[in-house]
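The chain contents come next:
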Amino acid sequence: MALETAATMKKNMLTADVQRGSWKVSAILASFMMTVPLLIVIFGGSVGAPAVWVKTAVTGLGQGSGDGGFRRWTARSDDKLLGGLLADGFDEASCLSRYQSAMYRRNAGRQPSPYLVSKLRRQEALQRRCGPGTVAYSNAVEQLRSGESGGLGSPECKYLVSISYSGLGNRILAAASAFLYALLTDRVLLVDPSNEMGELFCEPFPGTTWLLPPGFPLTNYTNFDVSTAESWGNMLKNKVVAAGDASSATATELPVFAYVHLSHDATDDDKSFFCDEDQRLLRRIPWLVMRTDNYIVPGLFLVMGFEDELNLLFPEPDTAFHHLGRYLFHPANHVWGLITRYHDAYLASAQHRVGIQVRVFGGQPNSPTLLDQITTCTQKHGLLPEVVSGPEPATRPPPGRRSRAVLVTSLKSWYHERLKGMYWEHAAATGEAVSVQQPSHEEFQRSGARSHEARAWAEMYLLSLTDTLVTTGWSTFGYVAQGLAGLRPWVMYKPANETDVPDPPCGRDVSMDPCFHAPPFYDCRHKRWSDTGKIVPQVQHCIDVGWGLKLVPRN
């Protein structure tokens, strides 16, 4: 609390200083401009910061208190470790985004809890101690190959393999979910390297890898599905295991591995994973293989055995993916280049940045109704200005008028072209300058194609750098962007038909956290079918998927 108070006092003092007069801003600006050449000389012209660093600082100083540019630059350039979330000591050149990303964010984000920070350091140590390349890992693989639970494996080294499949947004949410489960159960996380997971992201753990190495004994693990005999649900149904035997079953009576199926087609038996009795038995199984295309974190908050630990990790429950995502997912250098070049060219100089994520489901054609929904939502809530329908304004826009950059991401180019044309052909009623940009338009989703995946990841990340976010309901693409950004988006509701704009067209989400689309409907605490959105206060239903679950603030 003392640190927060001090930070608040410092911010207030800085605000007051900026407001005392333009002479002071000019003096600081002059001093700054005299200092920058000296810094460049001292550091040989390479200070590790992006070009926009200087540009944003100068712009912010010149604008004074109206835009707050100087305050944002100060806040985001001095915390490359994100409040201790990230470990220091990585080779910066191998992953430029890890320590540079803070310089591009106007929203500094939420602070992680001290307990989460310490837990992450312990998890990193576990990954190094038990991960690939260690004797413990070799012994555990031999144990898995033998099919026997007792023997070679170290009791402290247990493993969770996360299968990578479905679209990129789904894969990101699945990996984040698996990582939290690994944190809660002291398991080493190993991610299936297929589907570009090794090419799109930097390694998150220092001194080791999170990618499953070649030679994994379960050679067909990527083909596991709801019918796999070793799935937890099927083993329960066929009485291979019994959740009530957690204390009595010996190590040799337990399987050496279990497959956890939590995809959209998971059965009720599969979803018993979210019950305490099942978790007590799962803790004793050396290897787990998990397949999901969902964000299952809200389901973990329903498990009583995890309750105390989750309260310590996330005093603000709605920040779960915000912290997990910023810790795990750092764009690889070639993707970071796409992000920074686009940002510097089209977004950096705008005083306000609006991200609009348009998800077109299936083979839906270009829809004037959806375009109307976008404009109605954004103009009704003041996210975009209305346009002048009559003659051109007689007065010239004032120098230094406000600018607004609109970033549209969509597989289709049609929506961007219509929005861009609207603000080109008509003046904004507010007098501000509005630019509308779209990085790419693939026309249809091509999961697995490297160039497509790289652009998709770059556009998710660019959306997370905006100041205001509008997303399409049901879309994992939007979920990732809002979580990384730390923003509650305006969510466009899925229309009941193709001719009528929903009324209202959109609504403000209750939190930044993603939605769990396929949650359990069984209350393990009271042994009955129940509305799982009413069991604990921090887990409620989503505004876009009525039966889905999401994490919300405690109040």
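Remember, predicted model here, so these are calculated numbers, not experimental data.

Undergrad: Summarise the environment of K412; cite the residues concerned and give the values.
TA: With respect to the helices and strands, the residue K412 is situated in the loop between β6 (403-409) and α17 (414-425). On the basis of relative accessibility, which here comes to 18%, the residue K412 falls in the buried class. Along the chain, K412 and E442 lie 30 residues apart, while their C-alpha atoms are 6.9 Å from each other.

Undergrad: Can you lay out the sheet that holds strand β5 (residues 352-357) for me, pointing to particular residues and giving the numbers?
TA: One key point about sheets: their strands pair by backbone hydrogen bonds, in either a parallel or an antiparallel sense. Strand order in the open sheet formed by six strands is β7-β6-β5-β8-β9-β10, and the pairing between neighbours is mixed. If you trace the sheet from one side to the other, it starts and ends with β7 (433-437) and β10 (506-508), each paired once. Averaged over all neighbouring strand pairs, the angle between strand axes comes to 20 degrees, with direction disregarded. Set on the sheet, helix α15 (residues 333-347) makes contact with β5, β6 and β7; between it and β6 the angle comes to about 140 degrees. Set on the sheet, α17 makes contact with β5, β6 and β7; between it and β7 the angle comes to about 160 degrees.

Undergrad: Give me the lowdown on the pairing of strand β3 (residues 257-261), citing residues and values where you can.
TA: Counting buried positions over the five residues of β3 gives five, a clear majority of the element. Of the two faces of β3, the one holding F257, Y259 and H261 and the one holding A258 and V260 are both buried throughout. In this sheet, strand β4 (residues 287-291) lies alongside β3 in parallel orientation, the contact comprising five bridges. The partner of Y259 across the bridge, within β4, is V289. The parallel pair β3 and β4 is bridged by helix α11 (residues 276-282), and the resulting crossover is right-handed.

Undergrad: Provide a residue-level description of the packing of helix α6 (residues 114-130) against helix α8 (residues 168-185), including the pertinent values.
TA: Put simply, α6 and α8 touch, their axes get as near as 10 Å, and they point 90 degrees apart. Here α6 lies roughly perpendicular to α8, going by the angle between them. Here K119, L120 and Q123 of α6 lie close against α8, whose contacting residues are F179, A182 and L183. Grouping the amino acids of the contact of α6 with α8 by side-chain chemistry returns four nonpolar, one polar and one charged.

Undergrad: Run through the sheet that holds strand β2 (residues 187-191), naming residues and quoting values.
TA: Strand order in the open sheet made by the four strands is β2-β1-β4-β3, with parallel pairing throughout. Either end of the sheet is taken by a strand with one partner, and the two such strands are β2 and β3. Taking the axes of each pair of neighbouring strands and ignoring which way they run, one obtains an average angle of 20 degrees across the sheet. Along the sheet, helix α7 (residues 135-146) contacts β1 (158-162), β2, β3 and β4; its crossing angle with β4, the most-contacted strand, is approximately 80 degrees.

Undergrad: Provide a residue-level description of the confidence of the model for the protein chain, including the pertinent values.
TA: Per-residue confidence for the protein chain gives a mean pLDDT of 86; residues scoring 70 or more make up 83%. For the stretch residues 1-77, pLDDT sits under 50, and the model shows 54 contacts to residues farther than four places along the chain or on other chains.

Undergrad: Tell me about the side chain of T378, and name the residues and values.
TA: Mapped onto the fold, T378 is located in helix α16 (residues 368-380). Overall, T378 belongs to the buried group, its relative accessible area being 1%. Leaving out residues up to four positions away in the same chain, T378 has contacts with I356, L383, L384 and V470.

Undergrad: Please give an account of α16 that cites residues and values.
TA: Counted at 1.5 Å a residue, the expected span for α16 with its 13 residues is 18 Å, and the 18 Å between its end C-alpha atoms agrees. Residues of α16 that are buried: T369, L370, L371, Q373, I374, T375, C377 and T378. Tucked into the core, α16 has its buried residues touching β5, α17, β8 (468-472), β9 (490-492) and β10. One or two positions beyond α16, positive phi appears at G382, with a value near 70 degrees.

Undergrad: Explain the state of the cysteines to me, using residue names and the numbers behind them.
TA: Taken as a whole and assessed by the stated rule, the structure comprises five disulfides. The residue that forms a disulfide with C95 is C202, at a sulfur-sulfur distance of 2.1 Å. Disulfide C95-C202: torsion about the S-S bond near 95 degrees, hence right-handed. Taken together, the residues span a long stretch of sequence, with C95 in the loop between α4 (69-77) and α5 (96-100) and C202 in the loop between α9 (197-200) and α10 (232-237) at a distance of 107 residues. Among the residues examined, C95 registers a relative accessible area of 2% and is labelled buried.

Undergrad: Provide a residue-level description of a nonpolar patch on the surface, including the pertinent values.
TA: Together, F521, W529 and W547 make up a nonpolar patch on the protein surface, roughly 370 Å² of accessible area in all. Here F521 falls in the partly exposed class, since its relative accessible area comes to 36%.

Quick notes on the rules
- Residues numbered from 1 in each chain as written.
- Predicted model: local features only at pLDDT ≥ 70, side-chain atom pairs only at ≥ 80, totals over all residues.
- Heavy atoms only, no water.
- Helix = DSSP H or I, 4+ residues; strand = E, 2+ residues; numbered from the N terminus.
- Buried < 20%, exposed > 50% of the residue type's maximum accessible area, 1.4 Å probe, protein only.
- Pairing = 2+ DSSP bridges.
- Axes fitted to C-alpha atoms, helices over the stretch in contact; angles between N-to-C directions.
- Contact = heavy atoms within 4.5 Å.
- Right-handed = clockwise from strand over helix to strand, strands pointing away.
- Parallel < 35°, antiparallel > 145°, perpendicular 65-115°, else oblique.
- Nonpolar A, V, L, I, M, F, W, Y, C, P; charged D, E, K, R; others polar.
- pLDDT = per-residue confidence, 0-100.
- Expected span 1.5 Å × (residues − 1).
- Disulfide = S-S within 2.5 Å.
- Patch = residues over 30% accessible without salt bridge, like charges linked within 9 Å, V, L, I, M, F, W, Y side chains within 5 Å.
- Areas by Shrake-Rupley, 256 points an atom, 1.4 Å probe, with all protein chains shown as cover.
- Salt bridge = Lys/Arg side-chain N within 4 Å of Asp/Glu carboxyl O.

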